[in-house]
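# Coordinates in review
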Amino acid sequence: MVGCELTSVPLTCSASVTNHLVLTPVERPARFAVSGAFPGKSAHTSSLGSASANRTRAGSVLSRAAEVNTCSIRSFFSPINSPSSASEASKMSAVEGNAPVVVPAKDKHIGTVIFFHGLGDQGDGWASMFKDEIRNKAVKYICPNSADRPVTLNFGMSMPAWYDLKGLSPDSEEDDAGIAAATQFVHALVEKEIAAGIPANKIILGGFSMGGALAIYAGLTCKHKLAAIVGLSSFLLQRSKLPGSHTANLQTKVLLGHGTNDFLVPLTFGQMTEKAIKAFNPNVEFKTYQGMQHSSCPQELNDVKAFIEKALK
């Protein structure tokens, strides 16, 4: 893929014995404590195992924490921000899944991070990471859950996904309608936070892999000037439409993180994403992590925490 033209780059695939490319069921990074690896995981192990086991582990952590709340995602849409038509409402319902996991600010609420999970995952794992490992007590973290949808690349199997993935090559067709609906969903979450009293320049959009691609695109096309954008192990969507008429975030700081040993979303894709965004926004910081696969590591988490704190000052 080196030197290829950047487009929406699908991810999370493995070759089966029949040489078919099949998406793995979960796109969640290994969960690390800042002080070291999560028990049973090496520091560079991609966590693509049992979805139920991972969710049970994260869920048990969250269920013990009184300050971690779930709320109906529909409550995020106040009347002034409600979809303007039945068609738009239908698109929203196709994007949203279970109630998002919300880690509220413990101190005075100065900013909000909205973070989107990867393919086949849900928001609880990232919520527990923000709560337990890289928390800023003055920040509210919202980790939405996507609805299940058939994924073309996975032979139509239904799984949590923000939009459809149609192919693995750089020139694969994109799910324009699905990406547009997901982007509208993200922008509605931003509007709700603004309506609740948090200025747009104190809101950060971020995500991992497929969720990172959504956060990057939705952030760059948002009509409000945001605090920052974070994309981990990610890629760029709808590159031909950027920046277009979207000017609010041409100077917004962007953090991209990628492992050198990522065989699902190769490092090359991260490098091409950096280059494409820098063509119109010079404030892109690209960090690589030696030996890290399609995952996360303590250093990356520390870098994300520092980036968030600096962006919200």
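Bear in mind that the values here come from a model prediction, so they are computed numbers and not experimental data.

Further remarks concern the side chain of Glu300. Tracing the chain through its elements places Glu300 in helix H7 (residues 298-311). When sequence neighbours within four positions are dropped, the list of residues in contact with Glu300 reads Leu232, Gly257, His258, Tyr289, Met292 and Ser295.

What follows is about the confidence of the model for the protein chain. Mean pLDDT over the protein chain works out to 77, with 69% of the residues at or above the 70 mark. A low-confidence stretch, residues 1-25 (pLDDT under 50), is modelled with 80 contacts involving residues beyond four sequence positions or located in other chains. Counting contacts from residues 30-90, a segment whose pLDDT is below 50, to residues more than four positions away or on other chains yields 128 contacts.

Residues in a regular strand point their side chains to alternate faces of the sheet. Extensive coverage of strand S6 (residues 139-143) is indicated by the burial of five of its five residues. Judged by which residues are buried, S6 turns out to be covered on both faces: Val139, Tyr141 and Cys143 on one side and Lys140 and Ile142 on the other are all buried. Pairing geometry for strand S4 (residues 101-103) and S6, over three bridges, is antiparallel. Within the sheet, the bridge partner assigned to Val101 lies in S6 and is Cys143. Two strands pair when backbone bridges link them, and strand S5 (residues 111-116) and S6 are joined in this way by four bridges, in the parallel orientation. Across the sheet, Thr112 pairs through a bridge with Lys140, a residue of S6. One crossover worth recording links S5 to the parallel S6 by way of helix H3 (residues 124-132), and it is right-handed.

Take Asp164: it is sitting in the loop between strand S8 (157-160) and helix H4 (176-195). For Asp164, the side chain forms a polar contact with the side chain of Thr152, separated by 2.5 Å. With sequence-adjacent residues up to four places away left out, Asp164 is seen in contact with Arg149, Pro150, Val151, Thr152 and Asp175.

This next bit is on H7. In this model, H7 (14 residues) spans 20 Å end to end at C-alpha, consistent with the 20 Å of a helix rising 1.5 Å per residue. Residues of H7 that are buried include every one of Pro298, Glu300, Leu301, Asp303, Val304, Phe307, Ile308 and Ala311, and no others.

A few words now on the packing of H4 against helix H5 (residues 210-220). Interaxial distance between H4 and H5 falls to 9 Å at its minimum, and their mutual angle equals 70 degrees. When the interaxial angle is binned, H4 and H5 end up roughly perpendicular. As H4 packs across H5, the resulting crossing turns out to be right-handed. Contact residues: Ile179, Ala182, Thr183, Val186 and His187 in H4; Leu214, Tyr217 and Ala218 in H5. Looking at the contact of H4 with H5, its residues break down into six nonpolar, two polar and no charged.

Counting 48 residues, the largest nonpolar core has Ile114, Phe116, Trp162, Tyr163 and Leu205 as the members making the most contacts within it. At the level of secondary structure, the elements contributing two or more residues to this core comprise S5, H4, strand S9 (203-208), H5, strand S11 (253-259), helix H6 (267-278) and strand S12 (284-289). No other element matches H5, which puts eight residues into this core. Setting aside residues up to four positions removed in sequence, Tyr163 forms contacts with Arg149, Asp175, Gly178, Ile179, Met210, Ala213, Leu214, Phe235 and Leu237. Membership of the second largest hydrophobic core comes to 25 residues, among which are Val101, Ala127, Val139 and Ala227.

We now examine the pairing of strand S10 (residues 228-232). The buried fraction of S10 is high, at five of five residues. Where S9 and S10 come together, five bridges link them in parallel fashion. Paired with Ile204 across the strands is Ala228, a residue of S10. Handedness of the crossover joining S9 and S10 through H5: right-handed. Bridging between S10 and S11 involves five bridges; their strand directions are parallel.

Conventions we followed
- Residues numbered from 1 in each chain as written.
- Predicted model: local features only at pLDDT ≥ 70, side-chain atom pairs only at ≥ 80, totals over all residues.
- Heavy atoms only, no water.
- Helix = DSSP H or I, 4+ residues; strand = E, 2+ residues; numbered from the N terminus.
- Contact = heavy atoms within 4.5 Å.
- pLDDT = per-residue confidence, 0-100.
- Buried < 20%, exposed > 50% of the residue type's maximum accessible area, 1.4 Å probe, protein only.
- Pairing = 2+ DSSP bridges.
- Right-handed = clockwise from strand over helix to strand, strands pointing away.
- Polar contact = N/O pair within 3.5 Å; in protein donor to acceptor, adjacent residues only side chain to side chain.
- Expected span 1.5 Å × (residues − 1).
- Axes fitted to C-alpha atoms, helices over the stretch in contact; angles between N-to-C directions.
- Parallel < 35°, antiparallel > 145°, perpendicular 65-115°, else oblique.
- Left-handed = near helix turned anticlockwise from the far one by under 90°.
- Nonpolar A, V, L, I, M, F, W, Y, C, P; charged D, E, K, R; others polar.
- Core = buried A, V, L, I, M, F, W, Y, C linked by side-chain atoms within 4.5 Å.

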